[in-house]
Amino acid sequence: MINKKTTSLGASVKQESVVSRVIERIKEALMEKELQPGDYLPTETELTASLGVSKTSLREAIKMLQALGIVEVRRGHGTKIREHFGGNIIDPLVFQLIIASGQTQDIIDFRILFEPAYSLMAMNRTNQTDIDRIAATIDDLESAIQSNRQTAREDLAFHLEILRSTHNPLVIRVGETIMELFKVSIGYTIRHHPEIALRDHKRIFEAFREKNEERLTEALLQSFEGWKLGLTLAKENLLEDVLDSRCIRGNRGILGCTFIKKIFEDFICVGNGDSQ
């Protein structure tokens, strides 16, 4: 039986920002538990009447909510609040975090704050199934390294399995999003220094499995050192490639390229918070 809500979602919406206000009103209804995951929204006729908006504005708002993964439109039934997030969803938080993470040190601080916290939570909530899944990611990474096909995917799988061992849907959802920030730097590290990543994963896992909080924290902090180097080198390598290609294409002289390199080096220092 389809669970239809009788709530009208409240007062009419002001005209200056119709679509955003419709979205805001639905968000408020979710927060105030007027709507629950799995519920259907009132009909289009009911919503346009109660919110005082046109069908065009309402449909645009629904399309935006659908793109964000908040609702799904079911023909013949109506618009339903999602119960789970699928994989093919636009995640605005990813873009917000990427835009906000302009400085290398910002990303470093963020990970040092977040990863030990969820890892310790996971350590205290983990079960044998979780342990087996985490162990499998280490085996997969080792196998990938032996055949020289290791990527950020194999590395991140380890961290994601620990994250999922928290069994907390909010922590998992936010953590999966945050991991997007680390893909490039982890990818660089795993390509150029795979043995370091494998060693770090084994140290973290050993402490995690033994439920040794002190050793786990220490292993995580040690692992960040190699990653921080990869973060810096990935940034340097990308800019170096750009600068070299421009020098070659522009047929610049040695002095010209040296000047550009000096600007590049200063930029890297500022990005890492090392400016004097």
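From a predicted model like this one, the values you see are computed outputs, not experimental measurements.

When you look at helix α1 (residues 18-31) in this model, what are you seeing that I'm missing?
Over its 14 residues, α1 runs 20 Å from end to end, which matches the ideal 20 Å to within 8%, given 1.5 Å per residue. Listing the buried residues of α1 in full gives Val18, Val19, Val22, Ile23, Arg25, Ile26 and Ala29. For α1, the angular spread of buried residues about the axis comes to 155 degrees, placing them on one side. Considering only its buried residues, α1 is in contact with α2 (44-51) and α3 (55-67). Just beyond α1, the residue with positive phi is Lys33, at close to 65 degrees.

Would you mind going over the confidence of the model for the protein chain with me for this structure?
Regions with low pLDDT carry predicted coordinates that are not meant to be interpreted in detail. Looking at the protein chain, the pLDDT average stands at 79 and 70% of residues meet or exceed 70. At the low end of the mean pLDDT range in the protein chain sits helix α12 (residues 254-271), at 42; at the high end sits helix α6 (residues 128-146), at 97. This model gives residues 238-276 a pLDDT under 50, and the stretch forms 31 contacts once residues within four places in sequence are excluded.

Would you explain the pattern of salt bridges in this entry?
Side chains that differ in sign of charge can pair as their charged atoms come close. Tallying each qualifying case throughout the model produces 15 salt bridges. Here Glu176 ties to Arg164 by a salt bridge, and the two come within 3.4 Å at their closest N and O atoms. Pair noted here: Glu176 is in helix α8 (residues 169-179) and Arg164 is in helix α7 (residues 152-164), with a separation of twelve residues, a long-range link. For Arg164, a relative accessible area of 35% puts it in the partly exposed group. A salt bridge links Asp200 to Arg199; its shortest N-O distance comes to 3.1 Å. Assessed through its relative accessible area of 5%, Asp200 is described here as buried.

Teacher, can you tell me more about the pairing of strand β1 (residues 71-74) here?
For a regular strand, the rule is simple: side chains alternate between the two faces of the sheet. In this structure, β1 lies alongside strand β2 (residues 78-81), joined through four bridges in antiparallel fashion. Paired with Val73 across the bridge in β2 is Thr79. Counting the residues between successive antiparallel strands, the hairpin from β1 to β2 contains three residues, one of them, Gly76, with a positive phi of roughly 85 degrees.

What exactly am I supposed to notice about the side chain of Asn168 here?
When you line up the elements, Asn168 lands in the loop between α7 and α8. Within the structure, Asn168 has its side chain in polar contact with the backbone nitrogen of Val171 (distance 3.1 Å). In this structure Asn168 touches Met121 and Arg125, once residues within four positions along its chain are discounted.

Criteria and cut-off values
The numbers attached to residues start from 1 for each chain and follow its sequence in the written order. Only residues with pLDDT of 70 or above have their local features reported here, since the model is predicted, and side-chain atom pairs are shown and tallied only from 80 upward, although totals for entire chains, interfaces and linings are computed over all residues. Hydrogens are left out, water is left out, and the side-chain values use all remaining heavy atoms of the structure. We count a stretch as a helix when DSSP gives it H or I for four or more residues in a row; a strand needs E for two or more, and each element gets its number in order from the N terminus. Take the number of residues in a helix, subtract one, and multiply by 1.5 Å to get its expected span. Partly exposed residues are those whose accessible area sits between 20% and 50% of the maximum for their type, while under 20% is buried and over 50% is exposed, using a 1.4 Å probe and protein chains only. To be clear, the arc concerns the directions from the helix axis to the C-beta atoms. Any two residues having at least one pair of non-hydrogen atoms within 4.5 Å are treated as being in contact. On a scale of 0 to 100, pLDDT captures the predictor's confidence in every residue. A pair is scored as a salt bridge if a Lys or Arg side-chain nitrogen falls within 4 Å of a carboxyl oxygen belonging to Asp or Glu. Pairs of strands are assigned from DSSP output, requiring at least two bridges between the strands. Whenever two N or O atoms come within 3.5 Å, that pair is a polar contact, provided that in protein one can donate a hydrogen and the other can accept it, and provided that, for residues adjacent in sequence, both atoms are side-chain atoms.

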